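# Examining the three-dimensional arrangement
What follows is the residue order along each chain.
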Amino acid sequence: QSLPQQKLLTWLSVLECVEVFAEMGTARVWGEMGRWTIIVLIQLAKAILRLLLLLWYKAGIQTSPPIVPLNREQQQPLHPQDMEDNSSGKDQTYVGRRSSRVVRSLQSTPSLQSRHWGSPQQREESQSRRAEEMNQPPTPLGLQETIAESLYVTRPLLHLLSLGVWGQRSWKPWLLSAVLDISSLSLLSDLKDLNRRERAELRRRTLLLLYYLLRSPFYDRYSEGRILLLLRLLADYVPGVGFVTRPLMDYLPAWQKIYFYNWG
């Protein structure tokens, strides 16, 4: 990736990390008008950055989060003593004569900081496989797939625009957003030879369709009573589950009021 593309991904990741805090803080300081203003500005900035990545840098299907979190256990460097042992040519494994089982030799036991429970071959294979997956180029998108990804990127802006036109109690913003999400996934379903990250992203977007059961006005009119009844039954009749379901019942009203939890 080029340096400008990395900067765009970094800024996009920062926006996704602070969007909920920015919404709640602005609502506390400037009220509802300031809250909706910051929501529009953040969604506009995210859409511009994603469109630049899609159309200018040909980034393909964009994952969430934009930058894959670092696995510090896998990226942990070798201890200096381990590097000396490797350079001295010591055998790291021992193969049993009768069982053919590969075990680590006592002489090559790594330090506590870099110790793991797999064989050296397994660790090297997993690291090389992850590195290969990370370095895979994005799948080229045709016109249909580019339109589908553009629909997904611009869906938040169209939803906000429809909220401003028809209001928060109208079904039209809910239906418009659902149609755009389903259309985007349908157009992308014909794309073959996706890499692992892109397939995981499409699965994530498919599961996020369940959020429409928790989004207003569908939640206010149909889902709320049924969900609260189910959680209450689980809390009353399933031992130990109440520690999770009762706080969740108290949290749902607050969760409903935060736009970026619901629609972001």
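Predicted model, so just to flag it, every value in this text is computed and none were measured.

Next up on the list: the packing of aromatic side chains. Taken as a whole, this structure holds 10 aromatic pairs when the rule is applied. Here the aromatic rings of Trp 171 and Tyr 222 are separated by 6.1 Å at their centres, their planes lie at 55 degrees, and the arrangement is tilted. Of this pair, Trp 171 sits in the loop between helix H4 (143–166) and helix H5 (172–188) while Tyr 222 sits in helix H7 (residues 218–237), placing them 51 residues apart in sequence. With a centroid separation of 5.5 Å and an interplanar angle of 5 degrees, the aromatic rings of Trp 174 and Phe 218 are classed as stacked. Placement of the pair is Trp 174 in helix H5 and Phe 218 in helix H7, with a sequence separation of 44 residues. On the basis of relative accessible area, Trp 174 is assigned to the buried category, the value being 13%. Among the aromatic residues, ring-to-ring pairing joins Trp 171, Trp 174, Tyr 212, Phe 218, Tyr 222 and Trp 263 into one connected group.

With that settled, the discussion passes to the pattern of salt bridges. Going through the model one piece at a time under the given rule, you end up with nine salt bridges. Residues Arg 246 and Asp 236 are paired through a salt bridge, measuring 3.4 Å at the closest nitrogen-oxygen approach. Note that Arg 246 is positioned in helix H8 (residues 242–257) and Asp 236 in helix H7, a separation of 10 residues in sequence. Asp 236 gets classed as partly exposed once you look at its relative accessible area, which sits at 47%.

A few words now on a nonpolar patch on the surface. A contiguous nonpolar surface patch, about 570 Å² in accessible area, is contributed by Leu 229, Leu 230, Leu 233, Leu 234, Tyr 237 and Val 238. Take Leu 233: it is sitting in helix H7.

Let us now look at the nonpolar core. The biggest cluster of nonpolar side chains holds 14 residues, and the ones touching the most others in it are Trp 36, Ile 39, Leu 160, Tyr 259 and Phe 260. Taken together, the elements giving at least two residues each to this core come down to helix H1 (3–56), H4, H5 and helix H9 (259–262). The element contributing the most residues to this core is H1, with five residues. Among residues more than four places away in sequence, those in contact with Tyr 259 are Glu 23, Arg 35, Trp 36, Ile 39, Gln 43, Pro 156, His 159, Leu 160, Leu 163 and Gly 264.

Scoring rules and cut-offs
Residues numbered from 1 in each chain as written. Predicted model: local features only at pLDDT ≥ 70, side-chain atom pairs only at ≥ 80, totals over all residues. Heavy atoms only, no water. Phe/Tyr/Trp six-rings, centres within 6.5 Å; stacked < 30°, edge-to-face > 60°. Helix = DSSP H or I, 4+ residues; strand = E, 2+ residues; numbered from the N terminus. Buried < 20%, exposed > 50% of the residue type's maximum accessible area, 1.4 Å probe, protein only. Salt bridge = Lys/Arg side-chain N within 4 Å of Asp/Glu carboxyl O. Patch = residues over 30% accessible without salt bridge, like charges linked within 9 Å, V, L, I, M, F, W, Y side chains within 5 Å. Areas by Shrake-Rupley, 256 points an atom, 1.4 Å probe, with all protein chains shown as cover. Core = buried A, V, L, I, M, F, W, Y, C linked by side-chain atoms within 4.5 Å. Contact = heavy atoms within 4.5 Å.

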